[in-house]
Amino acid sequence: MRLLISGIFVSFFCLSIAHGQKGVDSQTQKIKDDTNKATSRPSDVNRSFDWGKGKTQVRDRLPNPYQLNGRRDALIDIVQEIFKEKKIILDEASSRLSEGVIVSQPFVFGRGQVIATNEMKRYAVLQFDDTAWTRGQYTLTVTIQPIDGIRNNVSVVAKIEGRAGAGLFTEWRTVPSSGLAEEEFLVKLVESMTGKLLDPPQTIDQP
């Protein structure tokens with residue numbers, strides 16, 4: 001009888017251990033499965049974002065001369081208004097308003113070696129990149145030539161000058177324009193005449 005009871009107890013104990021191990025294994029497997037689900041998404045390093053089409057499109061520059069409709073005297077007034085808005089001073093001695101020629105005084109677009117050098121690289125075509133520029137300026141000449149009673153050709157020419165050197169050895173140099181100053185002014189003039197933005201601000205679509 002004792003042997004029978006002992007055998008039953010041993011069998012029951014073995015079954016309990018086996019059942020406990022099976023429970024542990026199932027819990028462990030569940031944890032592994034949950035972990036794999038949590039880490040199954042690719043890492044941020046390998047992800048790519050779609051910002052939408054057309055976000056980096058760049059339009060061509062406006063033709064120069066540019067054809068605008070309107071009376072010449074109205075165009076001359078708008079050109080002077082843009083000068084005032086941009087804090088560009090009209091050179092009254094050089095301008096011939098009755099002939100449609102509007103000339104500005106030199107407009108400083110960069111002071112200090114760092115800013116002036118960076119801006120000169122934008123507004124001018126530089127022969128040497130290592131030149132130390134301490135000041136940059138441009139002079140605009142806007143010419144409005146009538147085609148007929150309504151249409152006009154508007155041309156913009158920018159004279160780019162930079163002061164180069166250091167200490168007592170500095171000089172003003174005239175360098176070729178990159179066309180940026182002319183483009184900026186023409187864009188502003190066209191927008192003022194038409195009421196439409198040529199370069200509307202880009203928006204990034206939210207995911």
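All of these numbers come straight from a predicted model, not from anything done at the bench. (Residues numbered from 1 in each chain as written. Predicted model: local features only at pLDDT ≥ 70, side-chain atom pairs only at ≥ 80, totals over all residues. Heavy atoms only, no water.)

**Student:** Even after reading the chapter, I still don't get unusual backbone geometry, so can you show me in this structure?
**Tutor:** Most peptide bonds are trans, and most residues other than glycine sit at a negative phi. Omega for the bond connecting Asn64 with Pro65 falls within 30 degrees of zero, at 15 degrees, which places this linkage in the cis form. Inspection of the secondary structure puts Pro65 in the loop between helix H1 (2–38) and strand E1 (66–69). (Helix = DSSP H or I, 4+ residues; strand = E, 2+ residues; numbered from the N terminus.)

**Student:** Explain the environment of Phe185 here, please?
**Tutor:** By secondary structure assignment, the location of Phe185 is in helix H4 (residues 180–194). For Phe185, the residues in contact, after removing those within four places along its chain, are Val79, Ile82, Phe83, Leu140, Val142 and Val156. (Contact = heavy atoms within 4.5 Å.)

**Student:** Before we go on, may I ask you to explain the packing of helix H2 (residues 72–85) against H4 in this structure?
**Tutor:** In helix packing, the relevant descriptors are the interaxial angle and the interaxial distance, both defined with respect to the helix axes. The interhelical angle for the contact between H2 and H4, taken along N-to-C directions, is 120 degrees, at an axis separation of 10 Å. Accordingly, the angle class assigned to the pair H2 and H4 is oblique. As H2 runs across H4, the sense of the crossing is right-handed. Across the interface between the two elements, Leu75, Ile78, Val79, Ile82, Phe83 and Glu85 from H2 touch Phe185, Lys188, Leu189, Ser192 and Met193 from H4. Per-class residue counts for the contact of H2 with H4 are eight nonpolar, one polar and two charged. (Axes fitted to C-alpha atoms, helices over the stretch in contact; angles between N-to-C directions. Parallel < 35°, antiparallel > 145°, perpendicular 65-115°, else oblique. Left-handed = near helix turned anticlockwise from the far one by under 90°. Nonpolar A, V, L, I, M, F, W, Y, C, P; charged D, E, K, R; others polar.)

**Student:** What is the right way to look at the pairing of strand E4 (residues 133–146) in this model?
**Tutor:** Two faces make up the sheet, and in a regular strand the side chains alternate between them. Pairing of strand E2 (residues 101–103) with E4, which is carried by three bridges, proceeds in the antiparallel orientation. Bridged to Val103 within E4 is Thr141. Sheet analysis places strand E3 (residues 107–111) next to E4, joined by four bridges and oriented antiparallel. Residue pairing for E4: Phe107 is matched across the bridge by Tyr138. (Pairing = 2+ DSSP bridges.)

**Student:** Any chance you could explain the pattern of salt bridges here in plain terms?
**Tutor:** Pairing between side chains becomes possible if they bear opposite charge and their charged atoms approach one another. Overall, the coordinates contain eight salt bridges when judged by the stated rule. The partner of Arg122 in a salt bridge is Glu184, with the nearest N and O atoms 3.9 Å apart. In this pair, Arg122 is assigned in helix H3 (residues 113–123) and Glu184 in helix H4, connecting sequence segments 62 residues apart. The residue Arg173 makes a salt bridge to Glu171 at a minimum N-O spacing of 3.0 Å. Judged by its relative accessible area of 42%, Glu171 is partly exposed. Because the salt bridges share partners, they merge into one network encompassing Glu119, Arg122 and Glu184. (Salt bridge = Lys/Arg side-chain N within 4 Å of Asp/Glu carboxyl O. Buried < 20%, exposed > 50% of the residue type's maximum accessible area, 1.4 Å probe, protein only.)

**Student:** When you look at the packing of aromatic side chains in this model, what are you seeing that I'm missing?
**Tutor:** Note on aromatic pairs: each is described by the distance of the centres and the angle between the planes. In this structure the tally under the stated criterion is five aromatic pairs. Taking 5.6 Å as the distance between ring centres and 65 degrees as the angle between the ring planes, the aromatic pair formed by Phe83 and Phe185 counts as edge-to-face. With Phe83 in helix H2 and Phe185 in helix H4, this pair connects stretches of sequence that are 102 residues apart. On the basis of relative accessibility, which here comes to 1%, the residue Phe83 falls in the buried class. (Phe/Tyr/Trp six-rings, centres within 6.5 Å; stacked < 30°, edge-to-face > 60°.)

**Student:** Quick question: what am I supposed to make of the side chain of Thr117 here?
**Tutor:** For Thr117, the location among the structural elements is in helix H3. For Thr117, a relative accessible area of 12% gives the class buried. Engagement of the side chain of Thr117 in a polar contact is seen with the backbone oxygen of Trp133, the distance being 3.3 Å. Among all residues touching Thr117, those that are not within four sequence positions of it are Gly112, Thr131, Ala132 and Trp133. (Polar contact = N/O pair within 3.5 Å; in protein donor to acceptor, adjacent residues only side chain to side chain.)

**Student:** Mind showing me how you'd approach the nonpolar core here?
**Tutor:** The nonpolar side chains of soluble globular proteins are, as a tendency, buried together. Val79, Met120, Tyr138, Leu140, Val154, Ile160 and Phe185 are the most contacted members of the largest nonpolar core, which totals 34 residues. Contributions of two or more residues to this core are made by H2, H3, E4, strand E5 (151–166) and H4. Examining the composition of this core, we find that seven residues originate from one element, H4, more than from any other. Setting aside residues no more than four positions away along its own chain, Met120 makes contact with Phe109, Leu126, Trp133, Gly136, Ile160, Glu161, Gly162 and Val175. (Core = buried A, V, L, I, M, F, W, Y, C linked by side-chain atoms within 4.5 Å.)

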